Protein chains: 4
Amino acid sequence: MTNPQTVNPIPKPSVPAPDILRCAYMEIVVTDLAKSREFYVDVLGLVVTYEDENAIYLRTLEEFIHHNLVLRKGPEAAVAAFSYRVRSPEDVDRAEAYYKELGCRTERNKDGFVRGIGDSLRVEDPLGFPYEFFYEVEHVDRLAWNYELYGAGALVRLDHFNQVTPDVPRGRKYFEDLGFRVTEDIKDSDDVTYAAWVARKPTVHDTALTGGDGPRMHHIAFATHEKHNILYICDKMGALRISDRIERGPGRHGVSNAFYLYILDPDGHRIEIYTQDYYTGDPDNPTVTWDVHDNQRRDWWGNPVVPSWYTNASRVLDLDGNVKELVKREDKSEMDVTIGADGFSYTREGDDEGSYKGEASKGFKLGNSL
Amino acid sequence: MTNPQTVNPIPKPSVPAPDILRCAYMEIVVTDLAKSREFYVDVLGLVVTYEDENAIYLRTLEEFIHHNLVLRKGPEAAVAAFSYRVRSPEDVDRAEAYYKELGCRTERNKDGFVRGIGDSLRVEDPLGFPYEFFYEVEHVDRLAWNYELYGAGALVRLDHFNQVTPDVPRGRKYFEDLGFRVTEDIKDSDDVTYAAWVARKPTVHDTALTGGDGPRMHHIAFATHEKHNILYICDKMGALRISDRIERGPGRHGVSNAFYLYILDPDGHRIEIYTQDYYTGDPDNPTVTWDVHDNQRRDWWGNPVVPSWYTNASRVLDLDGNVKELVKREDKSEMDVTIGADGFSYTREGDDEGSYKGEASKGFKLGNSL
Amino acid sequence: MTNPQTVNPIPKPSVPAPDILRCAYMEIVVTDLAKSREFYVDVLGLVVTYEDENAIYLRTLEEFIHHNLVLRKGPEAAVAAFSYRVRSPEDVDRAEAYYKELGCRTERNKDGFVRGIGDSLRVEDPLGFPYEFFYEVEHVDRLAWNYELYGAGALVRLDHFNQVTPDVPRGRKYFEDLGFRVTEDIKDSDDVTYAAWVARKPTVHDTALTGGDGPRMHHIAFATHEKHNILYICDKMGALRISDRIERGPGRHGVSNAFYLYILDPDGHRIEIYTQDYYTGDPDNPTVTWDVHDNQRRDWWGNPVVPSWYTNASRVLDLDGNVKELVKREDKSEMDVTIGADGFSYTREGDDEGSYKGEASKGFKLGNSL
Amino acid sequence: MTNPQTVNPIPKPSVPAPDILRCAYMEIVVTDLAKSREFYVDVLGLVVTYEDENAIYLRTLEEFIHHNLVLRKGPEAAVAAFSYRVRSPEDVDRAEAYYKELGCRTERNKDGFVRGIGDSLRVEDPLGFPYEFFYEVEHVDRLAWNYELYGAGALVRLDHFNQVTPDVPRGRKYFEDLGFRVTEDIKDSDDVTYAAWVARKPTVHDTALTGGDGPRMHHIAFATHEKHNILYICDKMGALRISDRIERGPGRHGVSNAFYLYILDPDGHRIEIYTQDYYTGDPDNPTVTWDVHDNQRRDWWGNPVVPSWYTNASRVLDLDGNVKELVKREDKSEMDVTIGADGFSYTREGDDEGSYKGEASKGFKLGNSL
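Treat the numbers as computed from the prediction; the structure is a model and nothing was measured. (Residues numbered from 1 in each chain as written. Chains lettered and ligands numbered in written order. Predicted model: local features only at pLDDT ≥ 70, side-chain atom pairs only at ≥ 80, totals over all residues. Heavy atoms only, no water.)

Some remarks on the overall build of chain A
Step number 1: Looking only at helices and strands, chain A has six helices and 18 strands in total.
Step number 2: Radius of gyration (C-alpha) of chain A: 20 Å, near the 21 Å computed for a compact globule of 370 residues.
Step number 3: In terms of overall dimensions, chain A has C-alpha extents of about 65 × 50 × 40 Å along its principal axes.
Step number 4: With 370 residues in all, chain A has 68% of them scored as buried. (Helix = DSSP H or I, 4+ residues; strand = E, 2+ residues; numbered from the N terminus. Rg over C-alpha atoms; globule rule 2.2 N^0.38 Å. Buried < 20%, exposed > 50% of the residue type's maximum accessible area, 1.4 Å probe, protein only.)

So this is what it looks like as structure tokens:
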């Protein structure tokens with residue numbers, strides 16, 4: 001198989017990359033602001049920094065910048081911006097020069113594209129995603145000590161984005177050029193890459209690349225302090241009789257070693273609740289590579305990944321607000337090679353026998369074959 | 001459909017029932033004592049009270065009687081006894097008279113059938129299960145304060161048994177006559193009962209009846225103090241590359257409101273790890289009835305039940321040590337009516353629309369249809 | 001020292017004791033209903049079953065009887081009733097006969113003394129406490145599954161009462177005659193008893209006797225599921241700037257092995273938040289005796305008990321609503337023998353050296369001598 | 001009062017500061033290697049990377065560099081090095097030039113001063129502390145996924161150091177020049193600084209300055225994932241009857257918002273167990289200033305700080321291995337102004353009344369006046 005990333009590599013610009021601090025917020029389009037408010041504020045407990053009839057600006061409990069999520073009312077659910085904070089005002093200039101050299105469409109707005117944010121650059125990046133870079137931002141109260149506002153499922157921090165792109169190695173090189181460290185990836189023995197996790201702040205990721213038709217947004221992840229906070233969100237969604245919006249989990253990831261839950265907002269945008277990955281800030285932090293056939297890679301307990309998690313994702317907008325067209329993945333699909341008819345996954349590598357008497361499971365988890 | 005329990009009801013004896021305190025221990029036959037020891041002692045951290053080449057006697061950290069589980073070496077995995085402690089020595093006599101009037105085969109052993117237990121009665125009960133009743137028991141150290149022995153997944157108490165029997169209402173009446181309270185059950189609109197939970201101590205159950213071909217042992221459940229203890233057991237099983245022995249969960253039960261995990265021992269005996277149900281000790285404690293088509297009844301988060309959980313269970317022995325023959329369930333099967341081709345389950349009762357745009361889910365959880 | 005309990009023992013009645021199920025609710029007098037509501041409802045999250053301008057009826061999340069706490073407005077903070085549920089209507093009659101034979105003042109009200117409770121008996125018991133016994137009660141929704149109502153510090157159950165009485169052995173015999181099991185106690189080598197824990201339901205206690213001038217109410221305890229629920233209550237009280245109402249803890253008890261916190265309501269009534277003691281329901285459950293000089297008995301981590309915890313308690317009312325006079329404790333006081341000038345407590349029994357180099361601590365915890 | 005930091009400021013070198021990644025390990029001298037091993041390995045569960053008769057090299061479960069703690073056998077308990085990892089080999093050169101310009105004694109060892117570490121610089125820094133900087137290090141297995149090694153109190157990461165120094169503002173400027181961000185501090189209305197927290201990695205600190213006679217090491221802190229891990233360490237120390245080594249806590253810090261515990265090793269070196277502070281990586285991260293008279297600053301629940309926590313600390317060694325002489329603090333002491341005779345602390349700022357009826361507490365926490 002020809003490795004697609006060799007076909008059309010993204011060149012590294014000659015100018016320096018901006019110094020990116022962290023993923024900072026996402027702007028998403030939702031079709032019913034009231035329903036979305038109910039989900040993000042009443043169910044999940046995000047804090048409203050500002051709201052009007054067209055948009056709601058939300059933040060997590062430990063955040064001190066204006067927002068981590070903008071819900072904008074629109075006719076079609078989509079993602080308008082993946083926004084990163086950079087280290088200084090000059091890094092916005094650097095980002096502009098960087099993307100211009102890449103030949104990307106860019107737009108600069110000294111007053112910010114959204115409330116609370118100052119001088120910003122938006123680009124259609126080489127992978128087709130609407131990316132934003134800013135430094136200037138309105139400070140708001142960090143509510144870390146305001147425990148009277150904490151619910152049992154308290155979201156304290158925006159942790160990461162996750163993006164669907166057809167050619168993961170191509171995207172990975174682009175992010176490495178931008179100064180991201182690759183912390184983990186999923187591959188097979190044919191050297192196909194199925195996914196990669198890349199970080200600026202010293203956690204496992206600020207964003208990740210999931211192989212599939214793209215550009216699409218796979219999920220946005222908020223962090224809690226403890227695992228019981230995540231379990232409570234499930235309990236509450238059960239009590240509210242919206243357990244069908246629990247898509248996958250809760251569980252322990254293999255990749256990242258974090259505890260996770262995937263839920264769906266009223267428009268089907270996927271939200272991850274996430275806690276307890278590890279420090280990755282050293283430049284020689286070892287990259288962990290997982291075999292796509294290791295059935296503990298996505299769930300350390302071997303629980304199966306539901307197909308919708310592989311197939312569904314949110315469309316993204318270009319800088320004119322139009323839905324970006326999809327490019328098909330040409331590499332093998334992780335879903336096909338792991339839960340399809342030809343799939344082979346193992347619990348114990350090389351294991352040819354079931355784990356207990358009378359069971360021809362070959363190290364598979366029961367129920368995987370559903 | 002003719003309700004089978006009317007065909008062959010178990011009569012209530014004229015003599016008083018024994019005063020049963022609680023489920024106390026189970027004696028199970030395992031085929032490889034070393035492998036079982038690795039599972040129960042090294043993985044789960046049960047404490048060895050006594051062991052020799054034929055048997056291992058295990059207890060939980062807060063127990064003060066000799067054991068909660070006996071592993072006996074044998075040629076075929078099975079269950080030899082479901083053992084209950086009664087309030088006084090005289091209650092063993094009462095049990096003997098009670099089962100004799102029921103026409104059951106009984107056996108009395110003044111020295112106990114197993115080490116650590118004194119005067120005991122064993123019976124083949126009307127449902128075909130090997131039941132034991134005893135009062136006399138050797139006291140051992142309650143290790144509640146010995147935190148140096150606690151692992152991260154500390155099992156502190158035996159909580160309950162679960163038995164598979166074809167005719168749940170017939171079994172339920174038998175347990176009510178024996179003095180058990182029915183705390184919860186699962187039914188449908190045709191008044192078919194799929195399962196029932198019955199208690200002597202004031203928790204949700206000391207045993208439960210699961211509809212299916214029986215007599216078989218569905219599972220034995222140990223309690224932990226907190227949910228993170230259960231999550232850790234999963235994490236450790238992942239680390240030991242035995243995640244294929246995690247059969248179902250972890251999750252929140254609808255029935256019992258407890259947090260649960262089902263795992264399989266090396267012989268396929270099913271163990272539940274369980275925490276945080278509610279007090280049921282008042283005589284007028286309300287019975288909770290769940291609709292079999294409520295997809296939050298078995299998992300409050302709507303996660304699907306794997307088929308093996310419905311179909312697999314351990315055989316039980318008669319008092320001669322022979323495997324008891326099975327009686328087929330004639331009522332509808334919970335698996336068939338909920339995950340089979342005709343199944344219909346709901347998240348929101350009466351909901352005819354999906355929970356989000358463009359999704360014709362009718363309140364089903366995604367992935368359920370796998 | 002003459003052991004005071006020999007002077008004036010309470011005789012055991014010839015009639016049978018009522019069959020007591022559990023401590024069920026306490027009725028307390030508060031001086032400012034609005035302030036108390038803020039504490040019990042807004043801070044602690046108890047659920048209002050009913051309220052009017054004179055009283056608020058509160059229950060825990062897993063309760064199905066009308067209430068676990070009644071706040072009644074009055075001129076002076078005090079306790080009006082310690083109320084227990086009995087197994088049957090006839091047990092109220094039995095209680096009446098039992099206390100009449102004891103020569104106690106009794107009052108019977110077929111309609112209940114408070115809303116939601118039917119036929120009840122109130123007595124001034126031999127220790128001077130206003131005790132109530134009832135069976136009939138209005139059922140309300142058990143909110144166990146209503147996770148949307150759970151806060152991060154969710155109180156799920158009333159666990160126990162704690163009473164201050166001058167002569168602990170005298171009180172202990174009275175409770176044993178009433179059918180309570182003694183689960184734990186604190187003594188010294190002179191056979192002075194400083195405290196005792198007694199149970200009807202199979203936990204460590206339904207009430208406890210703390211040696212001191214009495215009758216007074218030491219505390220009422222509500223249970224949570226997990227320790228983090230208790231920590232959150234502290235965090236929230238810090239955020240609300242009422243941390244001066246955190247009197248003692250959080251910590252791990254030696255006695256009961258439970259995790260605890262003591263806080264003070266606006267009138268100074270002491271509330272314990274409590275989780276995870278052990279099963280005590282067997283008749284031969286071993287009684288644990290602690291040495292008063294073991295500095296891990298009250299806090300397993302050796303953290304010091306603040307003097308107010310020993311000295312302060314709520315006064316109780318007689319059946320006319322007058323504050324009951326105090327009888328002085330004549331035995332030694334636990335505070336004096338453990339934190340007074342003559343106190344000697346140990347971490348390691350018999351230890352004569354400090355736990356580390358250069359420290360003449362003799363096994364004392366640093367800071368204890370404050 | 002003359003502000004002492006103006007007397008003798010440490011000048012900022014003209015050469016660039018090294019790019020410091022994080023605090024990486026501490027080398028401490030212990031007097032009994034076997035006793036220390038028992039504490040750090042058997043009680044706390046740190047992992048041995050290497051050991052011989054003179055030293056033990058320990059790491060946390062998520063670490064991938066050779067060690068986070070070196071225990072070296074010696075005649076007198078002390079600290080030999082506070083060691084930081086820098087971003088590149090060249091940053092060790094930068095550190096050397098930087099400290100030489102400061103006039104500090106430096107020592108360079110291309111083979112490292114301890115096993116597992118390559119080219120290193122050690123200095124006696126301007127505050128008198130033995131500081132080390134290195135980049136080269138032996139990688140070892142990150143045990144994050146090895147849950148079979150996790151105990152219930154699993155330490156996953158080295159979090160920070162804490163140093164006692166007489167003149168906090170002087171030290172603070174020195175750290176800011178070195179590129180640290182000040183995240184929090186404690187001051188009074190006379191502008192006396194009692195403590196400051198400074199960070200390179202984006203947590204609340206890599207080290208902190210505590211005002212007092214110095215140079216001394218106040219504590220070294222290891223992180224756990226959850227609060228229950230910390231509570232378990234207390235439970236286990238109780239079970240091992242070493243609760244007198246629990247010096248302070250567990251509790252919630254005001255400063256840092258983290259959950260904490262302070263314990264003492266067999267030589268009296270203070271170890272903090274710490275979890276869940278917040279992200280501080282943005283350059284404009286707001287500095288939080290606490291009033292020294294706010295009694296929630298050190299413990300959010302208002303629990304008193306034991307005097308030993310203020311007064312005791314470990315001596316440090318110079319580069320010849322001799323104990324460094326102490327310089328006395330001339331500013332006011334935090335202990336004196338908060339728990340001494342003249343102390344005034346508040347729970348509710350400006351509150352002149354007690355929090356409940358009849359209590360003249362003026363917002364003090366009960367027990368504070370012990």
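Following the structure, the description resumes.
Regarding the environment of N162 of chain B
All names here are of chain B.
Step number 1: Along the chain, N162 falls in strand β9 (residues 157–165).
Step number 2: Each C-alpha atom of the pair N162 and H253 lies 15 Å from the other, and the pair is 91 residues apart in sequence.
Step number 3: Those residues within four positions of N162 in sequence are excluded, and the remaining contacts are T207, A208, T210, M217, H218 and H219.
Step number 4: Polar contacts involving the side chain of N162 include one to the side chain of T210, which spans 2.7 Å. (Contact = heavy atoms within 4.5 Å. Polar contact = N/O pair within 3.5 Å; in protein donor to acceptor, adjacent residues only side chain to side chain.)

Things to note about the pattern of salt bridges
Close approach of charged atoms allows side chains with opposite charge to pair.
Step number 1: Throughout the structure, instances matching the rule amount to 140 salt bridges over all chains.
Step number 2: Residues joined in a network through salt bridges with shared partners are D93, E96, K100, R108, K110 and D119 of chain A. (Salt bridge = Lys/Arg side-chain N within 4 Å of Asp/Glu carboxyl O.)

A short note on the sheet that holds strand β4 (residues 69–73) of chain B
All names here are of chain B.
Step number 1: An order of β2-β3-β4-β1-β5-β8-β7-β6 is seen for the eight strands of this open sheet, with the pairing classed as mixed. Whereas interior strands pair on both sides, the edge strands pair on one side only; in this sheet they are β2 (47–51) and β6 (106–109). Taken over all neighbouring pairs, the strand axes of this sheet differ in orientation by 20° on average, direction set aside.
Step number 2: As paired strands, strand β1 (residues 20–30) and β4 are joined by five bridges and run parallel to one another. The residue of β4 that forms the bridge with V29 is R72. (Pairing = 2+ DSSP bridges. Axes fitted to C-alpha atoms, helices over the stretch in contact; angles between N-to-C directions.)

Digging into the UniProt feature "domain: VOC" (unreviewed entry) in chain A
Step number 1: Within this structure's numbering, the places UniProt gives as "domain: VOC" (unreviewed entry) are residues 22–136 and 157–276 of chain A.
Step number 2: For residues 157–276 of chain A, helix accounts for 19% and strand for 46%, while the C-alpha atoms at its two ends are 12 Å apart. (UniProt positions renumbered as here; feature names shortened; annotations may be inferred.)

Remarks on the environment of H219 of chain A
Residues and elements named next belong to chain A.
Step number 1: By the element assignment, H219 lies in strand β13 (residues 216–223).
Step number 2: Spatially, the C-alpha atom of H219 lies 11 Å from that of D159, the residues being 60 residues apart in sequence.
Step number 3: Here H219 is in contact with M26, H160, F161, N162, Y262, R270 and E272, once residues within four sequence places are set aside.
Step number 4: Among the polar contacts listed, one links the side chain of H219 to the side chain of H218, at a separation of 2.9 Å.

Some thoughts on the confidence of the model for chain A
Residue and element names in this part refer to chain A.
Step number 1: Taken as a whole, chain A shows an average pLDDT of 93; of its residues, 92% reach a score of 70 or greater.
Step number 2: Per-residue pLDDT, averaged within each element of chain A, yields its smallest value for helix α6 (residues 334–339) (90) and its largest for strand β8 (residues 130–134) (99).
Step number 3: Here residues 1–5 is a poorly scored stretch, pLDDT under 50, and it has 10 contacts once near neighbours within four places are set aside; other chains count.
Step number 4: At the level of chain-chain contacts, confidence expressed as ipTM amounts to 0.95, with global pTM at 0.97. (pLDDT = per-residue confidence, 0-100.)

A short note on the sheet that holds strand β5 (residues 78–86) of chain A
Residues and elements named next belong to chain A.
Step number 1: The strand order across the open sheet built from eight strands is β2-β3-β4-β1-β5-β8-β7-β6, with neighbouring strands paired in mixed fashion. Both outer strands of the open sheet, β2 (47–51) and β6 (106–109), are each paired with one neighbouring strand and no more. Across the sheet, the mean angle separating the axes of adjacent strands is 20° when strand polarity is ignored.
Step number 2: In this structure, β2 lies alongside strand β3 (residues 55–59), joined through four bridges in antiparallel fashion. When the sheet's bridge partners are listed, V47 is paired in β3 with R59.

Details of the pairing of β9 of chain B
All names here are of chain B.
Step number 1: Where burial is concerned, most of β9 is hidden: eight out of the nine residues are buried.
Step number 2: Of the strand pairs in this sheet, β9 and strand β13 (residues 216–223) are connected by seven bridges, and their pairing is antiparallel. Within the sheet, the bridge partner assigned to H160 lies in β13 and is A221.
Step number 3: Two elements, β9 and strand β12 (residues 207–211), share three bridges in a ladder whose sense is parallel. Opposite Q163, over in β12, you have L209 as the bridge partner.

Re unusual backbone geometry
Leave glycine aside and you will find that most residues have negative phi; peptide bonds, for their part, are mostly trans.
Step number 1: Of note, the bond from G214 of chain A into P215 of chain A is cis; its omega dihedral lies within 30 degrees of zero at 5°.
Step number 2: Mapped onto the elements, P215 of chain A comes out in the loop between β12 (207–211) and β13.
Step number 3: With a phi close to 75°, Q276 of chain B is a non-glycine residue in the positive phi region.
Step number 4: Inspection of the secondary structure assignment puts Q276 of chain B in the loop between β16 (270–275) and β17 (288–291).
Step number 5: In this structure Q276 of chain B comes out as buried when scored by relative accessible area, which is 10%.
Step number 6: Phi at N257 of chain C takes a positive value of approximately 65°, unusual for a residue other than glycine.
Step number 7: Topologically, N257 of chain C is positioned in the loop between β14 (246–252) and β15 (259–264).
Step number 8: Classification of N257 of chain C by relative accessible area gives buried; the value is 1%.

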